[in-house]
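One-letter residues, chain by chain:
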Amino acid sequence: MPPRDSSDMDAFLRSVERRAYTTALVATRGKREDALDIVQDAMTAMFRSYAAHPVAEWGALFHRVLHSRINDWHRRRSLRARFFLPWFGGGTDADGEEQPATEFVDESIPAPDEAVHRARQQEKFMRALHALPLRQQQAFMLRAWEGLDTAQTAQAMGCSEGSVKTHMSRAMQVLREILQDGAREE
Amino acid sequence: MNRQDEAAGSDHADQVLLQTAAGFLDDEANALDRQTRMALADARARAAASRRRQWLAWGGGGMGLALAASLTAVVIMPRIGSDAIDNPGNPAALAQLKTVQDAAVNDGTLGEVALTDDTESALADDLAFVAWLEENHDPS
């Protein structure tokens, strides 16, 4: 099959790259270079493997590729931490998923601006989002931000719809409490 | 507050949370600094370049295959054809020999068979011998 005009794919990727980078930045807990690498890997996969697919499928494919790359990144980090940084490890939660290790806490996020209520809320929210376990993060961002339904999110995450609902529910619970606490402090 | 009201309130709170979260995330994505935006554009360009390299590699492979096919047609196939004549055990060669023999013996046109190389000379010798046998055959 002849290659589709690469400018179509270029335009598509340009339209999603900022959101993809933000997603990767949250997933890598603020590691900019790693987030860029993940996004570039996903873009390369789209150009090389999926350019011939129908344009209507590109969105779902890109989410799938991006979150697959994010999962790979976490697996590599987890493996490295297990062998080289056991004293920093955060262990696993009840689902057997990796919990954020102390080294993952993003200290690069600037202190909240006292003058702007929304900015403070946003800071709190982003910190909480960064601290969520990966699968909860992914479920929340795909559902709440990308607007995918449960089935599409399950496809992008490579898990069952039941898992998506569980992760989403837990993420909502944590983030709701964070935002409510922030509102009370105001 | 009854259960229905609680559920409705919870749904409303969830909707507010989702909208607030989406707004925060939009702000984060739109507030990326110039350096990051340039890095993303660069990453996209490199991804596109990798696609072009992939097609070049495939194109090179295709040209290699075409070259190999041409070599096969020009060099190897003629050799296989001559082997068929050189090799007397080859059925195709035997069939060809029998056809020429029959034509020469039946029509008496042995001398008209074109001879071009040593192989065909040997064939002609064989045919001449057969013709001699035919001429000197004594029915009694």
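Note that the coordinates shown come from a computational prediction; the quantities given were computed from them, not determined experimentally. (Residues numbered from 1 in each chain as written. Chains lettered and ligands numbered in written order. Predicted model: local features only at pLDDT ≥ 70, side-chain atom pairs only at ≥ 80, totals over all residues. Heavy atoms only, no water.)

Draft legend 1. How the structure looks around helix 6 (residues 150-157) of chain A. All names here are of chain A. Of the positions making up helix 6, those classed as buried are Thr150, Thr153, Ala154, Ala156 and Met157. Looking down the long axis of helix 6, one finds its buried residues gathered within 165° of arc, a one-sided arrangement. After helix 6 finishes, the residue glycine 158 shows a positive phi value of roughly 70°. (Buried < 20%, exposed > 50% of the residue type's maximum accessible area, 1.4 Å probe, protein only. Helix = DSSP H or I, 4+ residues; strand = E, 2+ residues; numbered from the N terminus. Arc of directions from axis to C-beta.)

Draft legend 2. Here's a closer look at the packing of aromatic side chains. Summed over all chains, the structure comprises five aromatic pairs over all chains. Centre to centre, the rings of phenylalanine 12 of chain A and phenylalanine 62 of chain A are 6.1 Å apart; their planes meet at 90°, and the pair counts as edge-to-face. With phenylalanine 12 of chain A in helix 1 (residues 6-27) and phenylalanine 62 of chain A in helix 3 (residues 58-84), this residue pair connects regions lying 50 residues apart in the sequence. Neither phenylalanine 12 of chain A nor phenylalanine 62 of chain A differs from the other in exposure class; each is buried. A centroid spacing of 5.5 Å and a plane angle of 50° characterise the contact between phenylalanine 125 of chain A and phenylalanine 24 of chain B, whose relative ring orientation is tilted. One end of the pair, phenylalanine 125 of chain A, is in helix 4 (residues 117-131); the other, phenylalanine 24 of chain B, is in helix 1 (residues 3-30), on a second chain. (Phe/Tyr/Trp six-rings, centres within 6.5 Å; stacked < 30°, edge-to-face > 60°.)

Draft legend 3. Up close: the interface of chain A and chain B. On the side of chain B, 30 residues touch chain A, which itself brings 35 residues to the contact. Taken together, both faces of the contact between chain A and chain B bury some 3100 Å²; the carbon and sulfur share is 65%. At the surface where chain A touches chain B, the tally comes to five salt bridges. A salt bridge links arginine 44 of chain B to glutamate 17 of chain A, with the nearest nitrogen and oxygen atoms 2.7 Å apart. Run the count over chain A and chain B and you get eight residue pairs in polar contact (both at pLDDT 80 or more). (Contact = heavy atoms within 4.5 Å. Buried area = accessible area lost by both parts, 1.4 Å probe. Salt bridge = Lys/Arg side-chain N within 4 Å of Asp/Glu carboxyl O. Polar contact = N/O pair within 3.5 Å; in protein donor to acceptor, adjacent residues only side chain to side chain.)

Without other data, these values stay purely geometric and don't point to any function.
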